Amino acid sequence: MPAIVLVGAQWGDEGKGKATDLLGSRVDAVVKFNGGNNAGHTIVIGDEKYALHLLPSGILTPGCVPIIGNGVVIDLGVLFEEIDGLRARGVDTSSLVVSASAHLIPSYNRTLDKVTERFLGSRRIGTTGRGIGPAYADKMARVGIRVQDLFDEEGLRAKVAGALTLKNQVLVKIYNRRAVDVDEVVDELLAHADRLRPMVADTSLLLERMLDEGRTVVLEAGQATLLDVDHGTYPFVTSSNATAGGACTGSGIPPTRISAVIAIAKAYTTRVGEGPFPTELLDEQGERLRSVGAEYGTTTGRPRRCGWFDAVIARYAARVNGVTDFVLTKLDVLTGLDEIPVCVAYDVDGVRHDEIPMTQREFARATPIYETFPGWDEDISSATTLNDLPKNARQYVETLEEMIKAPISAVGVGPEREATVTVRDLLR
Ligand code: GDP
Ligand code: IMO
Ligand code: MG
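Q: How should the overall build of the protein chain be read in this particular structure?
A: The number of helices and strands found in the protein chain is 13 helices and 20 strands. Computed over C-alpha atoms, the radius of gyration of the protein chain comes to 22 Å, within 12% of the 22 Å expected from 2.2 N^0.38 for 428 residues, which places it in the range of a compact globule. Over its C-alpha atoms, taken along the principal directions, the protein chain stretches across nearly 65 × 50 × 40 Å. Of the contacts formed within the protein chain by residues at least 6 apart in sequence, a portion of 75% connects residues at least 24 apart. For the protein chain, the accessible area works out to roughly 17,700 Å², and carbon and sulfur atoms hold 50% of it.

In structure tokens, the structure reads:
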């Protein structure tokens, strides 16, 4: 089994962490290829609940090598906090490998993230405030600081000074903040260098060797398709490529080695932060999804915006990611509803759109065209096969599968590892 990509199909928080963890015991390595500690993955194993931000979900599986790929941006303080938190709970984190080419998030990027959002006012993105956007902007502007820079103090100092030349002008003259001191930043970064050193490797080379040996590698996305900087609801997106294409650039694994793309989609839709969301429910039905589904951000604790399943965006996710299997999560949250609407197309100024409109201006004006399906009352949380589901729940799954034009190979019926309906083997 070669490399398998796992992505979010909607606006994030679909349950990617649980899905990766489910595959965990049968995979040799899990690579996080994009994003940083803006991600929040909750994984429930028995009575234990873990919230991971920067570490790949595979870290909870003994024997699976967790890898932070070159496409990730790393806040070193958060990295070691997370490692220490897991170690204190008895999790072995010693096999973690970090790419020498991954970028770092110096503290000035967190400052810039926050002041920029404040400056944008009503045009703000609603970022997680973790410095993600500014760190990726630095990467593209070629003034980023990378993991390998920690091992060349003189070079590091020159790079930090170079980056701060412009940033300090911006901080002082535009945002009315104090200038950042080069030595302070260098000290803050170097404080972690010795501890990081043994974890650092050329991860692209390591992965090629693993694949040559016939090992199974899962490339795990943070965020999701509609938050992708190219294919999402720009500018209300994150600053990395969260779609399947990003798995190659973010890990150094070539496209020819990828054999499957698994997309995770919730049985309804949620979004955190600003931006268009056609099926959003601003009434008590949205409130019901939020409370029954516990839809509060793992990273920022913000209430997630909730709405019905949108088959147009799921179909779009199938297309731009080349999805071979969907995992449909949180079906249990819909239990108890009389009927369940599903968005099958949009109306934009009186014109029907079966696909996402070409421009964001149109998308922002899209109103959903719904088809409604009968609900179910039976508890489905112990179902393990499609036959265990009540007729209407099964019909809901099968209808979505037809609409999104890709097979649904597993269905989540609860947060725990075991609470999963298996339709076909994801690692076949
Ligand atoms: P991620 O960012 O995609 O990994 O998702 P999050 O962890 O941020 O959010 C998903 C939440 O749903 C977590 O609290 C999971 O424990 C939970 N979850 C995952 N799958 C299911 C499911 O099938 N049913 C229920 N009820 N909860 C689920
Ligand atoms: P996981 O991996 C949901 C959203 C933020 C904001 C936008 C940009 O848990 O699915 P950023 O801090 O990345 O510059 O913020 O993206 N966002 C997420 N929403 N789940 C996530 O990750 C997210 N990561 C970023 O809320 O709207
Ligand atoms: Mg999340």
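Q: How should the sheet that holds strand 20 (residues 420–422) be read in this particular structure?
A: What links the strands of a sheet is backbone hydrogen bonding, and the strands pair in either a parallel or an antiparallel sense. The strand order 9-7-5-2-10-1-11-15-19-20 describes an open sheet built from 10 strands, whose pairing is mixed. Among the strands making up the open sheet, the edge pair consists of strand 9 (200–201) and strand 20. Sheet topology note: the strand 5 (residues 65–68)/strand 7 (residues 97–99) ladder contains two bridges and is parallel. Pairing of Ile 67 across the sheet is with Val 97, part of strand 7. In the packing of helix 8 (residues 203–212) onto the sheet, contacts are made with strand 1 (3–8), strand 2 (29–32), strand 5, strand 7, strand 9 and strand 10 (217–220), and the angle to strand 5 comes to roughly 145°. Where helix 13 (residues 391–404) meets the sheet, it contacts strand 15 (325–329) and strand 19 (408–412), and its direction lies at approximately 135° from that of strand 19.

Q: Whenever I open this one, the side chain of Thr 203 confuses me. Can you help?
A: Here Thr 203 lies in helix 8. Among the residues examined, Thr 203 registers a relative accessible area of 2% and is labelled buried. Ignoring sequence-local partners within four residues, the contact set of Thr 203 consists of Ile 67, Ile 68, Gly 69, Asn 70, Val 97, Val 98 and Ser 99.

Q: What's the story with the domain arrangement of the protein chain in this structure? I'm lost.
A: A common way to report how large an interface is uses the accessible area buried once the components associate. Domain annotation for the protein chain reports domain 1 (3–93 + 202–422) and domain 2 (103–196). If you average the C-alpha positions of domain 1 and of domain 2, the two centres end up 29 Å apart. Counting from both sides, the interface comprises 29 residues of domain 1 and, opposite them, 22 residues of domain 2. Here domain 1 packs against domain 2, burying approximately 2,000 Å² in sum over the two surfaces, 58% of which is carbon and sulfur. On the domain 1 side of the interface with domain 2, the three residues burying the most area are Val 73, Leu 76 and Phe 80, jointly 30% of the side's total. In this structure, Asp 84 engages Arg 195 in a salt bridge whose closest nitrogen and oxygen atoms are separated by 2.7 Å. Counting across the interface, domain 1 meets domain 2 through 11 residue pairs in polar contact (both at pLDDT 80 or more). Of all the secondary structure elements, the ones that give two or more residues to the side of domain 1 that touches domain 2 are strand 6 (73–74) and helix 2 (76–88). The class makeup of the residues in the side of domain 1 that touches domain 2 is 10 nonpolar, 14 polar and five charged.

Q: Help me understand the site of ligand 1, please; the structure alone is not making it clear to me.
A: Residues in close proximity to ligand 1 total 18 residues, the closest being Lys 16, Gly 40, His 41, Thr 42 and Asp 332. Between ligand 1 and Gly 17, the relevant distance is 2.8 Å, taken from an oxygen atom to a main-chain nitrogen or oxygen of the residue. Between ligand 1 and Thr 298, the relevant distance is 3.2 Å, taken from an oxygen atom to a side-chain nitrogen or oxygen of the residue. When each cavity is represented as a set of grid points, ligand 1 is found to reside in the second largest pocket. Listing elements by their share of the shell around ligand 1, those giving two or more residues are helix 1 (16–24) and strand 3 (41–45).

Q: How should the packing of aromatic side chains be read in this particular structure?
A: Any pair of aromatic rings gets described here by the distance separating the centres and the angle formed by the planes. On inspection of all chains with the given rule, the structure shows four aromatic pairs. For the ring pair Tyr 346 and Phe 363, a centre distance of 5.7 Å and an interplane angle of 70° mean the geometry is edge-to-face. Within this pair, whereas Tyr 346 is found in strand 16 (residues 339–348), its partner Phe 363 is found in helix 12 (residues 360–364), the two being separated by 17 residues in sequence. Accessibility classification places Tyr 346 together with Phe 363 in one group, the buried group. On the basis of an interplanar angle of 50° and a centroid distance of 6.2 Å, the ring pair of Trp 376 and Tyr 396 is categorised as tilted. Note that Trp 376 is positioned in the loop between strand 18 (367–374) and helix 13 and Tyr 396 in helix 13, a separation of 20 residues in sequence. Comparing Trp 376 with Tyr 396, the two get one shared label, buried. Over the aromatic face of Tyr 50 sits the side chain of Arg 89, whose NZ or CZ is 4.1 Å from the ring centroid. Looking at Arg 197, its charged tip hangs above the ring of Phe 151, at a distance of 4.5 Å from the centre.

Criteria and thresholds
- Residues numbered from 1 in each chain as written.
- Chains lettered and ligands numbered in written order.
- Predicted model: local features only at pLDDT ≥ 70, side-chain atom pairs only at ≥ 80, totals over all residues.
- Heavy atoms only, no water.
- Helix = DSSP H or I, 4+ residues; strand = E, 2+ residues; numbered from the N terminus.
- Rg over C-alpha atoms; globule rule 2.2 N^0.38 Å.
- Contact = heavy atoms within 4.5 Å.
- Areas by Shrake-Rupley, 256 points an atom, 1.4 Å probe, with all protein chains shown as cover.
- Pairing = 2+ DSSP bridges.
- Axes fitted to C-alpha atoms, helices over the stretch in contact; angles between N-to-C directions.
- Buried < 20%, exposed > 50% of the residue type's maximum accessible area, 1.4 Å probe, protein only.
- Domains from an automatic or database assignment.
- Buried area = accessible area lost by both parts, 1.4 Å probe.
- Salt bridge = Lys/Arg side-chain N within 4 Å of Asp/Glu carboxyl O.
- Polar contact = N/O pair within 3.5 Å; in protein donor to acceptor, adjacent residues only side chain to side chain.
- Nonpolar A, V, L, I, M, F, W, Y, C, P; charged D, E, K, R; others polar.
- Near = heavy atom within 4 Å.
- 1 Å grid on protein atoms, 1.4 Å probe; cavity = no way out; pocket = protein on both sides within 12 Å on 5 of 7 lines; lining within 4 Å.
- Sits in = over half its atoms within 2 Å of the grid points.
- Phe/Tyr/Trp six-rings, centres within 6.5 Å; stacked < 30°, edge-to-face > 60°.
- Lys NZ or Arg CZ within 6 Å of the ring centre and 35° of its normal.

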